[in-house]
Every structure is written in structure tokens, then in C-alpha cells.
Amino acid sequence: MPDMQNGNGTSGATNGNIIKVAVIGGGIVGVITAIGLLKRNITVELYEQARSLREIGAGLAFTTNAQKCMELLTPDVLAAMKAVSTKNPSPYYTYVDGYHPESDDPNDMSEKQLFQMYAGESGFDGCHRAHFLDELIKLLPPGVVKFQKRLDTYIVKGADESVELHFADGTTAAADAVIGCDGIKSRVRQLLFGKDNPASYPNYTHQVAFRGLIPMDKAVAALGLEKTQNQCMHMGPKAHVLNFPVAQHTFMNVVAFATDEGEWRHEKLAVPATKQEVMKHFEDWGPAVRTIAGLLNDSLDKWAIFDTYDHPAPFFSQGPVCLAGDAAHATSPHHGAGAGFGVEDALALGTVMEEAVSTLQTQNASKGAALSAAFQAYDAVRRERAQWLVRSAREVSDTYEWANPDCGSDPEKCLKDIEWRAHKIWYFDIDGMMSDAKSAYQKFLQA
């Protein structure tokens, strides 16, 4: 039999009741999903198209809710995040008027505080994407990850619905199930919905994000401790700027969002940019925002914001194939919750796959039926919430930029709009999701 560990041939996926899962994509959500399945004694092979596992981008944040999901998936994932994370010292998120100067003094870094939002005593943890992924990789056993494996196509074979994977290098592999965690340009999504289906592709939101890290000592010297050591949103017309501390308060993460009326004509979603380009976007803003722009590195990345708002996925699963994370519900980053929702996906998948294993160990059911039911249950508990996030992220960006017709620039109305959305993200009933997933699994299994 060909050696499936090396992806050199094709055979039946597995024998008996053991489930073998192929995870496509080695970003944070793919690795966390793989770890969760491995902890549930499910055989996993993770296929990554690059030569190594790496994350691009800068900081990300996890709410208490996302951290609980990590812990329920396996405490090891939470510990990995905590090893590289930075706490917001204040339990409040601060929102300021970054556009209008407080005085005529060009060196006056003060900004009018519009409102604060209470984030709970535990607040959120911020970390650098690459640092977190480096910690997660340590949790993967040797041989799980197969590098330089770009998925070309898959074929669902036979009555047991095993899946044959074909890669761009001509090799093949087999699995009982496939989980596409291959990001916003997901190949699995394209194969699931078809190349002519608009739901196969993300769309440009006509926003760009300039992302960068500023050494904390420079940030504090220019802006002061309170603004740099805590999350701060600088609101204004057609743009907004977010900063929060990362890397144990050694850097201030900055994301500057700006409107782009044109089309994105680059193949890549991130292209080189200059500090001067950022400063041009914010030349009419207050001194604090202009100073933040001036502290950025001379060379940085400009990211096109794409999402799945215009053509949401009609389903997250079909038979033994499903989508998770950005592959399922790529969102603009205005809630800072995309990665956290990917962790929720991973927990839901771990829950339903554990149910499928139990079924195969105790009942006379086929793998195909058990896996299809598991993925249908996952779809049932994740799709509505995840697609709401995509819509809400678009809408809350308008609120940050005083373009929401229900709020305008009224601080009290803006706070209420931001708050109810944040609470829907933060105070999600995780135990209820897991319970609902188990119930849905049984319903689909018996259908």
C-alpha cells in the first residue's frame, strides 16, 4: 500500500471506525482545528501549500469568549495564546475623535474622548499572529503537517464517501473527511460551490488597511502611556485608526483603515506601501493620528479588505467536506473577531466529530452517514452567527466613520450601536452551541 503519510499515493482512507481528516490550510484556524481533532483521538493530516507554517499580518485579539472556546477545545491552545499575549491594562475600550484637533497647538496630542465601552474584568488578550502560530506548532506531533501541498481538486468516492485529494504537484492522498481552512481565497470553497458561482470568491469592500507595529517606547514618548497601553479607536470621516499593545507591551499595533473608491487590481491582497501614503490619507486629521502615521516604518503593507458579504456561502458543508474560518465566512476586521470566530468553528467541529467517533464505536452506522451528519450539525450551529458577523463588521465600520445614518457622529448613539454588536460577540452561549450541535447531529444522523 502507498505511504499515505507522505502523500505519495491513494488508498482507502482508513479501516474500521477510526476517522481520518484532511485539514487544508496551515494558518491559525487550521492548526487549532487540527489540534482539537487530535486531542479527540481523530487521525489528522494537515496540508499546507507553503514550505513552512507562517502567518502574515500583525496583531490580533481574543475575547474571553474565544479563550473559553480554546480551553474547551484543549487547554494547551489557551496556554499557547497566553504565552505570547498582552493584556489590555484597562477593562475599557476607548473611542476618541481622531479628526478634530483639541486646540490650535500642532503638538497637542490630546483627543476628545467620545465614550468608553466596558469589556469586562478580563478584557481581551492581544498577540502577534506569527508568535501565536509558533506556539501552536509546538502542539502538533511530527508528521502531521505536509508542506508544499497545494490542493488542486478532490473527488468523493464510493458509498462510504471517502475523499481522494489531488495536489498540484501530482501527488494524491485520501481521507474520510476534508475541512477547508484555507483562508479567504479558499480552494476548497471554489470546489464546493463551483468556479462560476459568485459565492466561491470574496469581494472588495473598497477599504484598505495599513498595518504596522511601533516600538512601544517611541509610541509612549509621543502619545503618552494611557493611549498606547490600551485599545484606542480614533474615529473620523471615511477612515478610522485602531491601536492596542502586543508582544508584552513592547510594541503598539496599529491598523489604519481608509476608503478606496477604486478597484483592487493587484493579485495579492497585501502590497507594499509607504509611510507617506498613510500620512497623505490622514493629513487632515488631528495631531495624534498624524503622529501615529509618522511613527510607522517607512515601508509597510497595505491590505485590501475583502469579505463574503456580497455573496455569502449557501452552506458550510456538503457530504464529507466542510469549510471553517475565513474559508467559510471571511469578514472585514472591524470587530476584531474573525480569528475568534474561527476558534468557535474549531470547537464546534471538535464537538460534532467526537459525536461521530462515538457513533462509529457504538452503533452500526457508516462513516459517510456519521460524517455528513456531523458537518450538517456544524453548519446548523455556525452559519447564521458567522454570517451575521460579516454583515455587522461592515455596518460597524460605518459607525466608526460617522456614516451610519442611525447614529451619525452622536457619541451616545454610536456607543449603543457598537455595544450591542460587541455583546453579541462576547456573550455567546458556548455551552449552548455545543449542546445544540450534539442535538443537531443526532437529528441529521437519524434523518
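Residues numbered from 1 in each chain as written. Predicted model: local features only at pLDDT ≥ 70, side-chain atom pairs only at ≥ 80, totals over all residues. Heavy atoms only, no water.

Participant: Any chance you could break down the overall build of the protein chain for me, citing the residues and the numbers?
Facilitator: On a plain count of helices and strands, the protein chain comes out with 14 helices and 20 strands. In terms of overall size, the protein chain behaves like a compact globule, its C-alpha atoms giving a radius of gyration of 22 Å where 447 residues would be expected to give roughly 22 Å. C-alpha atoms of the protein chain, sized along the principal axes, occupy 75 × 40 × 40 Å. Within the protein chain, buried positions represent 57% of all 447 residues. Nonlocal contacts in the protein chain, meaning residues at least 24 apart in sequence, comprise 75% of its contacts between residues at least 6 apart. For the protein chain, the distance from the average site of its 41 positive side-chain charges to the average site of its 55 negative ones is 4 Å. (Helix = DSSP H or I, 4+ residues; strand = E, 2+ residues; numbered from the N terminus. Rg over C-alpha atoms; globule rule 2.2 N^0.38 Å. Buried < 20%, exposed > 50% of the residue type's maximum accessible area, 1.4 Å probe, protein only. Contact = heavy atoms within 4.5 Å. Lys, Arg positive; Asp, Glu negative; His and termini not counted. Charge placed at Lys NZ, Arg CZ, Asp CG, Glu CD.)

Participant: Got a sec to walk through the layout of surface pockets? Specific residues and values, please.
Facilitator: Roughly 250 Å³ of internal volume is contained in the second largest pocket. Residue lining of the second largest pocket: 13 residues in total, with Pro237, Lys238, Ala239, His281 and Trp285 positioned closest to the centre. Among the secondary structure elements, those contributing two or more residues to the lining of the second largest pocket are β16 (251-259) and α8 (275-281). Considering only residue class, the lining of the second largest pocket consists of five nonpolar, two polar and six charged. (1 Å grid on protein atoms, 1.4 Å probe; cavity = no way out; pocket = protein on both sides within 12 Å on 5 of 7 lines; lining within 4 Å. Points joined across faces, edges and corners; volume = space filled by probe spheres on them. Nonpolar A, V, L, I, M, F, W, Y, C, P; charged D, E, K, R; others polar.)

Participant: Break down the nonpolar core for me, with residues and values.
Facilitator: Of all hydrophobic cores here, the largest spans 84 residues; its most connected members are Phe132, Leu165 and Met353. Considering each element in turn, this core owes the most residues, ten residues, to helix α11 (residues 338-362). Once you skip the residues sitting within four places of it in the chain, Met353 turns out to touch Ile19, Val21, Leu37, Ile42, Leu371, Ala374 and Phe375. Ala258, Val278, Ile292 and Leu296 belong to the second largest nonpolar core, which has 31 residues in total. (Core = buried A, V, L, I, M, F, W, Y, C linked by side-chain atoms within 4.5 Å.)

Participant: Requested: an account of the pairing of strand β7 (residues 124-128), with residues and values cited.
Facilitator: With five of five residues buried, β7 lies mostly within the body of the structure. Burial of β7 is two-sided: the residues Phe124, Gly126 and His128 facing one way and the residues Asp125 and Cys127 facing the other way are all buried. Sheet topology note: the strand β4 (residues 86-87)/β7 ladder contains two bridges and is antiparallel. Across the sheet, residue Lys87 finds its bridge partner in β7, namely Asp125. (Pairing = 2+ DSSP bridges.)

Participant: I'd love a proper account of the pattern of salt bridges, names of residues and values included.
Facilitator: If you walk through the whole model with that rule in mind, you get 22 salt bridges. One salt bridge in this structure joins Glu344 and Arg385, with 2.9 Å as the shortest N-O distance. Note that Glu344 is positioned in helix α11 and Arg385 in helix α12 (residues 367-400), a separation of 41 residues in sequence. By relative accessible area, Glu344 is classed as buried at 2%. According to the relative accessible area criterion, Arg385 is buried, its value standing at 9%. Residue Asp417 is joined to Arg421 by a salt bridge in which the shortest nitrogen-to-oxygen separation is 3.1 Å. Taken together, the positions of Asp417 and Arg421, both in helix α13 (residues 411-426) and four residues apart, correspond to about one turn of that helix. For the residue pair Asp417 and Arg421, the accessibility class agrees, reading buried in each case. Connected through shared salt-bridge partners, Glu344, Asp345, Arg382 and Arg385 make up one network. (Salt bridge = Lys/Arg side-chain N within 4 Å of Asp/Glu carboxyl O.)

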